[in-house]
Amino acid sequence: MSKLKETLLEKIEGWRPRTTRLLKEYGDVKVSDVTITQAIGGARGVKCLVTDISYLDPFEGIRFRGHTIPETLAALPKVPGHEMPYVEGFLYLLLTGDKPTEEQTAEVIAEFKKRKKVPDYVFDVIRALPADSHPMAMFSNAILAMEKESIFAKKYKEGISKMDYWDSTYEDALNLLAKLPTIAAYIYRLKYKNGDIIPSDPNLDFGGDFAHMMGIDKPYDDVSRLYFILHSDHESGNVSAHTGHLVASALSDVYYAISAMLGGLAGPLHGLANEMVLRWIQGVMDKMGGKTPDEEEMKKFVWDTLNSGQVIPGYGHAVLRKTDPRYAAQREFCLKHLPDDPIFKYVDILYKVTPDILKEHGKAKNPWPNVDAQSGVIQWFYGLTEYDFYTVLFGIGRSLGILSNIIWDRALGYPIERPKSLTTAMLEEAAGIK
Ligand code: CMX
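Residues numbered from 1 in each chain as written. Predicted model: local features only at pLDDT ≥ 70, side-chain atom pairs only at ≥ 80, totals over all residues. Heavy atoms only, no water.

(A) Structural view of the overall build of the protein. Looking only at helices and strands, the protein features 20 helices and 2 strands. Against the compact-globule benchmark of 22 Å for 434 residues, the protein has a radius of gyration of 22 Å, which places it among compact chains. Based on the C-alpha atoms only, the size of the protein along its principal axes is roughly 70 × 65 × 45 Å. By the burial criterion, 52% of the 434 residues in the protein qualify as buried. Within the structure as shown, the protein displays about 19,900 Å² of accessible surface, and the carbon and sulfur contribution to it stands at 56%. The average position of the 51 basic charges and that of the 58 acidic charges among the side chains of the protein differ by 3 Å. (Helix = DSSP H or I, 4+ residues; strand = E, 2+ residues; numbered from the N terminus. Rg over C-alpha atoms; globule rule 2.2 N^0.38 Å. Buried < 20%, exposed > 50% of the residue type's maximum accessible area, 1.4 Å probe, protein only. Areas by Shrake-Rupley, 256 points an atom, 1.4 Å probe, with all protein chains shown as cover. Lys, Arg positive; Asp, Glu negative; His and termini not counted. Charge placed at Lys NZ, Arg CZ, Asp CG, Glu CD.)

This is the structure we're talking about:
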């Protein structure tokens, strides 16, 4: 057994009595009430999910295993000669809650290297899809095609104890994660680079090999590491994380769960917003004939979008009530590495004018930018200008968090998810309407 798995087992055995005690002795304690607004309105703010991997405070933003983004980036072992930490060390943190040593990080790197060969039939499946398929549809299909590799599904059919579900789920999760950079880069090179595929370099880490297979020079390896870490997890209620958890709660294996969660991430109100931001900015650039708009001109574009009944992509959030620290981390990166980039200038002017406009518009509860407002600029700057690929990058990152959650869901024996519905007439009755 790997040291990571041994540590995880120790953590799981230590954690299980806490969950059991809460259920046995305090199961009736209330943590939330549900109003009609919440029942009709997408369960906003209803506290009915449990995760220890990350927590989202509306005013502070995300903490991964208790650490803010700057703390996380500072705490993890760095790739020698690079600014950013190993994604593999970050996974160790998500899974165990402990900051990994260099040695513990090296073990996860070795685990990924062992598992990263993608079966040939996956590439056949991708190539069989229509060439104009969205890259997210290609990514989801490729992952679903590998379902037959699931160790959990095989063991379940053979008959295993509920206490051991997490073990084969862990194996599936690592097997799948290790392959995601190769699958994603294959889709990119097939779709946008005439099928000129760059093979994986067995000596590189997760982020480094991804940049290599994409064919993009340094520091894109660090950009990838930062991007995957920032997008990994945002507690459990967002559409992708919730979908992953929900599907896996039926004991569907992780191939089904990750393929499904990508479908949710591909929506324009969720992960696709990073594509929509670049689309929107390109539209403004075309109208401006390449000239950078001043604040007054930019205000007009924002108002025109709102007045035509559309949302401003990259702004607003269901939980956050301040500038997303994932936006802030990427902004800091831009200020350091690409302060004069024309698209960054657009994003910067947008940041200056949009919050006040959204406040005046009076609808969005959060007028501040989210992660997606800033992420495309960095990709564009380093040469990844095919913006319909951006959500795939989000999908690789998000898989780290969702798979960590699913392993823990299984370890703690969380049941199949099944909230209760009401009819409109029942709501009217509850409201006292005749
Ligand atoms: N531009 C214009 N209107 C907005 C808005 C925005 N950026 N954000 C919210 N609103 C509107 C909503 O559409 C809603 O309008 P209606 O009352 O007409 O339905 C109203 O303000 C209230 O919405 P809310 O409670 O503030 O926000 P929700 O929790 O319903 O939705 C989100 C959250 C993110 C879907 C929404 O802010 C939005 O559509 N933003 C733009 C798309 C985007 O950036 N999504 C990415 C989010 C991060 C991620 O998941 O990747």
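The discussion continues.
(B) Layout of the pattern of salt bridges. Counted according to the given criterion, the structure contains 29 salt bridges. We note a salt bridge from Arg21 to Glu25, for which the minimum N-O separation is 3.4 Å. A residue pair is termed a helical-turn pair when its members lie 3 or 4 positions apart in one helix, as Arg21 and Glu25 do in helix H1 (residues 3-26) at 4 residues. For Arg21, a relative accessible area of 46% gives the class partly exposed. Overall, Glu25 belongs to the exposed group, its relative accessible area being 51%. Note that Lys299 is salt-bridged to Glu296, the shortest N-O span being 3.2 Å. In this pair, Lys299 and Glu296 are both assigned in helix H15 (residues 295-307), 3 residues apart and thus about one turn of the helix distant. Since its relative accessible area comes to 52%, Glu296 is described here as exposed. (Salt bridge = Lys/Arg side-chain N within 4 Å of Asp/Glu carboxyl O.)

(C) Just the pairing of strand S2 (residues 61-64), in detail. In this sheet, S2 lies alongside strand S1 (residues 54-57) in antiparallel orientation, the contact comprising 4 bridges. Considered in S2, the bridge of Asp57 is made with Gly61. (Pairing = 2+ DSSP bridges.)

(D) Main features of the layout of surface pockets. Each pocket or cavity is described by its volume, and for the second largest pocket that value is around 350 Å³. For the second largest pocket, the lining is made up of 18 residues, of which Ile69, Pro70, Leu73, Ala329 and Glu332 are closest to its centre. Listed by contribution, the elements that provide at least two residues to the lining of the second largest pocket are helix H3 (69-75) and helix H16 (325-337). The biggest single contributor to the lining of the second largest pocket is H16, with 6 residues. When grouped by side-chain class, the residues that make up the lining of the second largest pocket number 11 nonpolar, 1 polar and 6 charged. (1 Å grid on protein atoms, 1.4 Å probe; cavity = no way out; pocket = protein on both sides within 12 Å on 5 of 7 lines; lining within 4 Å. Points joined across faces, edges and corners; volume = space filled by probe spheres on them. Nonpolar A, V, L, I, M, F, W, Y, C, P; charged D, E, K, R; others polar.)

(E) Geometry of helix H6 (residues 120-128). Within H6 the residues assigned to the buried category are Val122, Phe123 and Ile126. Here the buried residues of H6 occupy an arc of 95° about the axis, which is enough to place them on one side. For H6, exposure combined with an orientation more than 90 degrees from the buried face picks out Asp120 and Ala128. Those residues of H6 that are buried are in contact with helix H7 (135-145) and helix H9 (165-192). (Arc of directions from axis to C-beta. Contact = heavy atoms within 4.5 Å.)

(F) Focus on the packing of aromatic side chains. Applying the stated criterion across every chain, the model contains 17 aromatic pairs. An angle of 85° between the planes, with centres 5.2 Å apart, marks the rings of Phe64 and Phe90 as edge-to-face. Here Phe64 is found in strand S2, whereas its partner Phe90 is found in helix H4 (residues 87-96), with 26 residues between them in sequence. Judged by relative accessible area, which is 1%, Phe64 ranks as buried. The structure contains a cluster of three or more aromatic residues connected by ring pairs, namely Phe112, Phe206, Phe210 and Phe228. The ring of Trp15 is capped by Arg18, whose NZ or CZ atom sits 4.3 Å from the centre of that ring. Above the ring of Phe152, the side-chain terminus of Arg410 is found at 4.3 Å from the ring centroid. (Phe/Tyr/Trp six-rings, centres within 6.5 Å; stacked < 30°, edge-to-face > 60°. Lys NZ or Arg CZ within 6 Å of the ring centre and 35° of its normal.)

(G) Expanded view of the site of the ligand. Around the ligand, 21 residues are found, and the nearest of them are His270, Gly314, Tyr315, Lys365 and Asp372. Between an oxygen atom of the ligand and a main-chain N or O atom of Ala364, the distance comes to 3.2 Å. In this structure, Lys365 approaches the ligand through a main-chain N or O atom, which is 2.7 Å from an oxygen atom. Per-class residue counts for the shell around the ligand are 11 nonpolar, 6 polar and 4 charged. (Near = heavy atom within 4 Å. Polar contact = N/O pair within 3.5 Å; in protein donor to acceptor, adjacent residues only side chain to side chain.)

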